[in-house]
Each structure stands twice: as structure tokens, then as C-alpha cells.
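A closer look at the structure
Below, each chain spelled out in residue letters.
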Amino acid sequence: MTPAQYNLLYAIYAWTNAVVVILAGFLIDKLGNRFGVFVFSLMTVLGSSVFALGSHFKGSPYLLPMMLTGRLLFGSGNGSLTIVQNRITAFWFRGKELALAFGLTLSFSRLGSVLNFFFTQQFEAKFGMQWTLWGGTLLCVLGFVSALTVSVLDKVGMKQLGLDGVIQQESKKVRIQDIQRLPLRYWLLVLTIMFFYNGVFPFVADASKFIQDKYSGYSQQAAAYIAGAVYDSSLVLSAAAGILIDYVGLRGVFAVGCAALTLPVFALLAFTFVPPLVSTIWLGITYSFAAASMWPSIPLVVPQATLGTAMGLATSVQMVGVGLSNLVVGHVLGTKSSELKIPLWRWQQMMIFMLANTVACIVASVSLNIVDKKQGATLNGTRKGAALERGDGSPAEAAPLLRGETGNGGS
Ligand SMILES: NCCCC[C@H](NC(=O)[C@@H](N)CCCCN)C(=O)O
């Protein structure tokens, strides 16, 4: 397989993710969590199976089409499954440990990446590529079984609360035009998220090469470890960040703070020779707090009935933003071959682009705080205030199931 074909396997995953999540979010709102959990986790199993099967056609013209089909199915299933996961989490933890629950899902997803980083290569060396890919399929089957278990628990819980019928009634009313009714605070959150991730993901993708090109004495492996510190920090910190945010609230303030504290990270990388580990750990800290404050804010400003659509749309905008940011970075770095050393002035321009995105994130998040203040400070409310507002704190009371029931008018 050529490098271009290999990269296509990644690109098709990202593109399908960006497109499919909007439709998936809407379908989940319309047809329910159980439909989403079953269909999308089954798609990950099918996708990974087709991908693994494709590896048996090495040297034949079927290899690439099969692997691309596998990635397409897997990408559609996996991205959409995250939306159901968020929707279920938001329902059961709204007004309680919402940021902790989101933080924990993030930590587990990072744990998966870290385990993959440490073990997959060794597994492949011992058992070969085909068994490794079928091993991946087995993990997807385990995911499918877990998803079905969650689905049953969700159903039983809903029945116990007597909410099954109410949710079905609300689902019937959901229309794609509801996107127009998503409040201003939602769109400002989406912009805040997009600009923040525009700096993080493209930086992490290129960080290892940047470290080798700019700083002396780092082997390829050492540089990869240092770049990985962003996600390692997030693995350790995301849950703790969630606990703190659930306790103090102030989600909007955290969003501004994380963006502002990310400025020095890119400034250090652009204009100084301070060891890069300082910057990657620092970025890991701001990233953990940003993710644990920004994503769980979405359920607080949109009704539960349209949460799938809202989450899908936010994820799509974020992915498109990151994709465009990747293109700009590629253009700025002007890479012809990954072997060549990229001149430092080009790396500096890339960091300035990251700084520009971070400044845009600050502007979006400050606007978010201003609008939030005018509309009842839902995002910046403290836990004590929220508890007083919602009474006993049951999911039934905490979830604004009806449209437009999102604080002060919801816009
Ligand atoms: N959906 C709410 C939590 C999102 C966490 C966030 N995930 C993403 O940004 C995904 N769209 C893409 C993940 C790709 C990971 N390399 C995150 O911080 O990971």
C-alpha cells in the first residue's frame, strides 16, 4: 500500500465522521438511544470485520476497496456511537456529575489510545497483522456487548422513572428544522470548541516532527513520547477536571481560562527553546479542563429532545474546523517529504496560526460568557445554585425534555 492510500484510510474515517454525525444525531433524537446504540455499535463490528477481512487480499485489487469500505463503516458507526454515548450520559447525569461523567468517558478513550500505543505493535510482531486486525474486531464485539448492556440499563431506568412514553412523544416532534431553533449560547459554544481543537489536534499530529526539527538530541521515539504527553495528561486529569467543574460550576469561566492559558504554550513553542515537554504537559492540562468544561455545557443549553442533533452538529463543525486547520498547517509547512527537515521559520508560522485560533477561541468564549450572564448564567452557575433550582435532582426533574425549556428563553 502506498503512503497516499494509507493516508486515505485515515481521511475517509474523518470525512465520514464529519458528515454522518449530523444525520446520526438527528436519527438518535427521532428513533431513540436504543436504536442508536444497537445500529452504530453493530456498524463498528461490521466495519472492523470488513477491514480485517480485507487484509487477507494483500496483493489483489480487492485490498484497498475492502479496507476503505471497512473504514467507512467503522468511521460512521464510531462517530455516531459517541453521540449516543453523550446523549445517554447527559440524560442520566444532568444536574449531577455531568462533567465527571464526560471526563471519565474521555479518560477511557485516552486509555484506549495509550494502550494501543504501547501494545499493538508488540502484538503485531508476535501474532502478525491479520490476527492483530481480527483482535481489533474482537474488541469491537466487546464494545457491542457493552453497548447492549447500557441499552438495557437505560430502558429499565427510564421505565422505573415512568419516562419511556414521554421521551417517545418528544422524539416524534423532533424535526431537522429544529437546528434553526438552537440557541445563541449553543453556537458560541460550538465556535469555542472548534477554535480550541483547531489548535490542539493539528499540533499533536505534527508535534513529534516539530520536536525533532527544532530541538536537538531527541530521537524519533523520544519525540513521540513527548508529543504523547498531551494525551497522557488528559488520561490522568480529565476525571479530576470533571469533579472540580461539577463542584464549582463556572464552565464559561473555565472555557475562557483554558483558552487564555493555552496562549503561552504556543508562544513558548514559537519563540523560545524551553524544553518541549513543559509545553506538551501544559497543553495537556488546559486541554483536559477545556474538554471537561466545554462539551458537557452543550446539554445545559439545548433541550434533551434535540441533544443528539446538537451534539452531532457540534462534532461535525469541530471536525470540519480541525480538517481545515490541518490543511492550512500542511500548506504553511509546505512538506514535500516527511524525511526532510522543515525550516524553523515555517514551524514558527504554524505556531502563530495556532495562536490565532486560540485568540479566536478567547473571543468566542468571552462572548459566550456575556450572553450566558444575560440569560441566567446557566453555564456559570454553581452546583449549590443548580441544586436549589432543580429540587431533588432526579434525572426526570433535571432534564428539560420539552422544547425551548433551556433557561431564559433558550436563545
Ligand atoms: N463528544 C464529546 C467528547 C469529545 C471529546 C473529543 N473528541 C473528539 O474531538 C472527536 N470528535 C474526535 C476524537 C479524535 C481523537 N484523536 C476529544 O477531546 O477527544
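As recorded in an unreviewed UniProt entry, the protein chain goes by Lysosomal dipeptide transporter MFSD1 and comes from Athene cunicularia. UniProt's Subcellular location (unreviewed entry) comment on the protein chain is quoted here verbatim: "Membrane".

**Quick word on the site of the ligand**
Within the structure, the ligand sits among Thr82, Asn86, Leu106, Arg110, Tyr197, Phe201, Tyr287, Trp295, Thr315, Gln318 and Met319. Within the side chain of asparagine 86, one N or O atom sits 2.8 Å away from a nitrogen atom of the ligand. A distance of 2.6 Å is found between an oxygen atom of the ligand and a side-chain nitrogen or oxygen belonging to arginine 110. Taken by itself the ligand offers 490 Å² of open surface, and the protein chains cover 73% of this. Of all the elements in the fold, those that place two or more residues in the shell around the ligand are α3 (63–93), α4 (98–127), α7 (184–214) and α12 (307–333).

**A word on the pattern of salt bridges**
As enumerated under the stated definition, the model contains five salt bridges in all. Residues arginine 185 and aspartate 372 are paired through a salt bridge, measuring 2.8 Å at the closest nitrogen-oxygen approach. Residue arginine 185 is located in helix α7, and its partner aspartate 372 is located in helix α13 (residues 344–374); the two are separated by 187 residues in the primary sequence. Each member of the pair, arginine 185 as well as aspartate 372, carries the same accessibility label: buried. Note that aspartate 213 and lysine 209 form a salt bridge whose closest N and O atoms lie 3.2 Å from each other. In this pair, aspartate 213 and lysine 209 both sit in helix α7, four residues apart, roughly one turn of the helix. Like lysine 209, aspartate 213 is buried.

**Topic: helix α6 (residues 164–173)**
Considered for burial, the residues of α6 that qualify are Asp164, Ile167, Glu170 and Ser171. Buried residues of α6, seen end-on, are gathered within an arc of 130 degrees and therefore sit on one face of the element.

About the thresholds
Residues numbered from 1 in each chain as written. Predicted model: local features only at pLDDT ≥ 70, side-chain atom pairs only at ≥ 80, totals over all residues. Heavy atoms only, no water. UniProt positions renumbered as here; feature names shortened; annotations may be inferred. Near = heavy atom within 4 Å. Polar contact = N/O pair within 3.5 Å; in protein donor to acceptor, adjacent residues only side chain to side chain. Areas by Shrake-Rupley, 256 points an atom, 1.4 Å probe, with all protein chains shown as cover. Helix = DSSP H or I, 4+ residues; strand = E, 2+ residues; numbered from the N terminus. Salt bridge = Lys/Arg side-chain N within 4 Å of Asp/Glu carboxyl O. Buried < 20%, exposed > 50% of the residue type's maximum accessible area, 1.4 Å probe, protein only. Arc of directions from axis to C-beta.

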